[in-house]
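Next come the chains, spelled out residue by residue.
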Amino acid sequence: REKAQRIADAPSTAVEWALPEGVEPPELADDDAAAIRARLGFVPTNLQRIHRYEGRPGVLEVYPLKRAPVEERDARRRGAAGAVQPWPTTYWLVDAALATRLAALEERGWVGRLERRLANADAATQSRADAAHAAAGTNRWAALTEEDRALADARGWST
């Protein structure tokens with residue numbers, strides 16, 4: 001809580017976007033940037049859209065790849081090396097109230113319950129779940145520029 005307050009109280013700093021050419025960053029109001037920084041400690045430089053919840057940033061939609069100079073990477077961080085990295089999160093929940101509500105459901109075992117329910121569901125339900133999973137991958141792939149698709153193929157990230 002103290003860290004979030006320090007971040008929120010810090011002077012506004014401009015975001016240095018790291019999106020590929022042709023991909024536009026969102027309009028980012030100072031209060032939205034402050035809210036995101038208070039929750040995450042930073043504004044993702046691959047941010048594409050802000051989905052609002054009750055007037056606040058609720059969910060961030062981010063570009064599937066993250067661009068950052070190698071020297072800016074934390075040496076302890078796992079993952080692929082290089083200036084362009086796969087970014088695992090498409091939708092990032094940043095609203096504290098929503099996160100608290102979701103955490104309460106997780107704490108009560110709802111993730112496991114739903115996983116078990118799906119595992120025991122009829123074939124049509126499992127097929128719809130598989131289709132939804134495939135669609136998420138297709139949507140991530142479609143979000144990439146042609147150059148980034150070629151890069152992902154060359155690095156073996158598309159399989």
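On a predicted model such as this, the values are computed, not experimentally measured, just so you know. Residue indices follow the written sequence of each chain, beginning from 1 at its first position. A pLDDT threshold of at least 70 governs which residues receive local features in this predicted model, and a stricter bar of 80 or more applies before side-chain atom pairs are shown or counted, although totals over entire chains, interfaces and linings include all residues. Working from all heavy atoms in the structure, the side-chain values ignore hydrogens and water.

**Q** I keep staring at the overall build of the protein and nothing clicks. Help me out?
**A** Runs of E in the DSSP output that reach at least two residues are strands. Runs of H or I that reach at least four are helices, and both are numbered from the N terminus. Within the protein one finds 6 helices and 5 strands. It only takes one pair of heavy atoms within 4.5 Å for two residues to be counted as in contact. Residue pairs in contact within the protein that sit at least 24 positions apart in sequence constitute 49% of those at least 6 positions apart.

**Q** Would you take a moment to explain a nonpolar patch on the surface for this structure?
**A** Patch membership needs two things, relative accessible area over 30% and no salt bridge, and members are linked within 9 Å if like-charged or within 5 Å if nonpolar (Val, Leu, Ile, Met, Phe, Trp, Tyr). To measure how exposed things are, a 1.4 Å probe is used in the Shrake-Rupley method; for residues, cover is taken only from the protein chains shown. By salt bridge we mean one thing: a side-chain nitrogen of Lys or Arg within 4 Å of a carboxyl oxygen of Asp or Glu. A surface patch of nonpolar side chains, amounting to about 330 Å² of accessible area, comprises Leu102, Leu105, Trp110 and Leu114. Secondary-structure elements contributing two or more residues to the nonpolar patch are helix 3 (96-107) and helix 4 (110-119). Topologically, Leu114 is positioned in helix 4.

**Q** Looking at this model, I keep getting lost on the confidence of the model for the protein. Mind explaining?
**A** When pLDDT drops low, the exact placement of atoms in the prediction is not to be read closely. pLDDT is a residue-level measure of predictor confidence that goes from 0 to 100. Of the residues in the protein, 84% have a pLDDT of 70 or more, and the chain-wide mean is 87. Below a pLDDT of 50 lies the segment residues 69-78, which in the model reaches 8 contacts outside its immediate sequence neighbourhood of four places, other chains included.

**Q** Would you explain the environment of Asp153 in this entry?
**A** Inspection of the secondary structure assignment puts Asp153 in helix 6 (residues 146-154). For every residue, the accessible area (1.4 Å probe, protein chains only) is compared with the maximum for its type, and the residue is labelled buried under 20%, exposed over 50%, or partly exposed between those bounds. Take Asp153: its relative accessible area is 45%, and that puts it in the partly exposed class. If sequence neighbours within four positions are ignored, Asp153 has contacts with Trp141 and Ser158. In protein, a polar contact requires one atom able to donate a hydrogen and another able to accept it; more generally it is a pair of N or O atoms within 3.5 Å, and residues adjacent in sequence count only if both atoms are side-chain atoms. Reaching out from Asp153, the side chain makes a polar contact with the side chain of Ser158 at a distance of 2.5 Å.

**Q** Explanation requested: the pairing of strand 1 (residues 47-53) in the structure shown.
**A** Taken residue by residue, a regular strand's side chains alternate between the two faces of the sheet. Inspection of the sheet shows strand 1 paired to strand 2 (residues 56-62) by 6 bridges, in the antiparallel sense. Of the residues in strand 2, the one forming a bridge with Arg52 is Pro57. What sits between strand 1 and strand 2 in their antiparallel hairpin is a turn of 2 residues, with Glu54 showing a positive phi close to 50°. A pair of strands is treated as paired once DSSP finds two or more bridges between them.

**Q** I tried to follow the pattern of salt bridges on my own but got confused; where do I start?
**A** Pairs can form between side chains of opposite charge once their charged atoms are near each other. Throughout the structure, instances matching the rule amount to 5 salt bridges. We note a salt bridge from Asp95 to Arg56, for which the minimum N-O separation is 2.6 Å. Of this pair, Asp95 sits in the loop between strand 5 (91-93) and helix 3 while Arg56 sits in strand 2; the two residues are 39 residues apart in sequence, bridging distant segments of the chain. Assessed through its relative accessible area of 3%, Asp95 is described here as buried. The shortest N-O distance in the salt bridge between Arg67 and Asp148 comes to 2.6 Å. Of this pair, Arg67 sits in strand 3 (residues 65-67) while Asp148 sits in helix 6, placing them 81 residues apart in sequence. Several salt bridges converge on common partners, so that one network encompasses Glu54, Arg56 and Asp95.

**Q** Where do I start with the nonpolar core in this structure?
**A** Here, the term nonpolar core denotes a set of buried Ala, Val, Leu, Ile, Met, Phe, Trp, Tyr and Cys residues that are joined through side-chain atoms within 4.5 Å. Counting residues in hydrophobic clusters, the biggest one holds 11 residues: Val15, Ala33, Ile36, Leu40, Val43, Leu47, Ile50, Leu60, Val62, Trp87 and Val94. Looking at this core, the elements with two or more residues in it are helix 2 (30-40), strand 1 and strand 2. The biggest single contributor to this core is helix 2, with 3 residues. Not counting residues up to four positions away in its chain, the partners in contact with Ile36 are Leu28, Gly41, Phe42, Val43, Pro44, Leu47, Ile50, Pro57 and Leu60. Listed in part, the 6 residues of the second largest apolar core include Leu19, Val23, Tyr63 and Leu144.

**Q** Quick question: what am I supposed to make of the sheet that holds strand 2 here?
**A** Strands belonging to one sheet form pairs held by backbone hydrogen bonds; the direction of such a pair is parallel or antiparallel. An order of 1-2-5 is seen for the 3 strands of this open sheet, with the pairing classed as antiparallel. Sheet topology places strand 1 and strand 5 at the edges, where each strand pairs with a single neighbour. Direction aside, neighbouring strands of the sheet carry axes that sit 30° apart on average. Helix 2 rests against strand 1, strand 2 and strand 5 of the sheet, and its axis sits at about 75° to strand 2. Under this scheme, a helix contributes an axis fitted over its contacting stretch, all axes are lines through C-alpha atoms, and angles between N-to-C directions fall in the 0 to 180 degree range. Here helix 3 sits on the sheet and contacts strand 1, strand 2 and strand 5; the angle it forms with strand 5, its principal contact strand, is near 90°.

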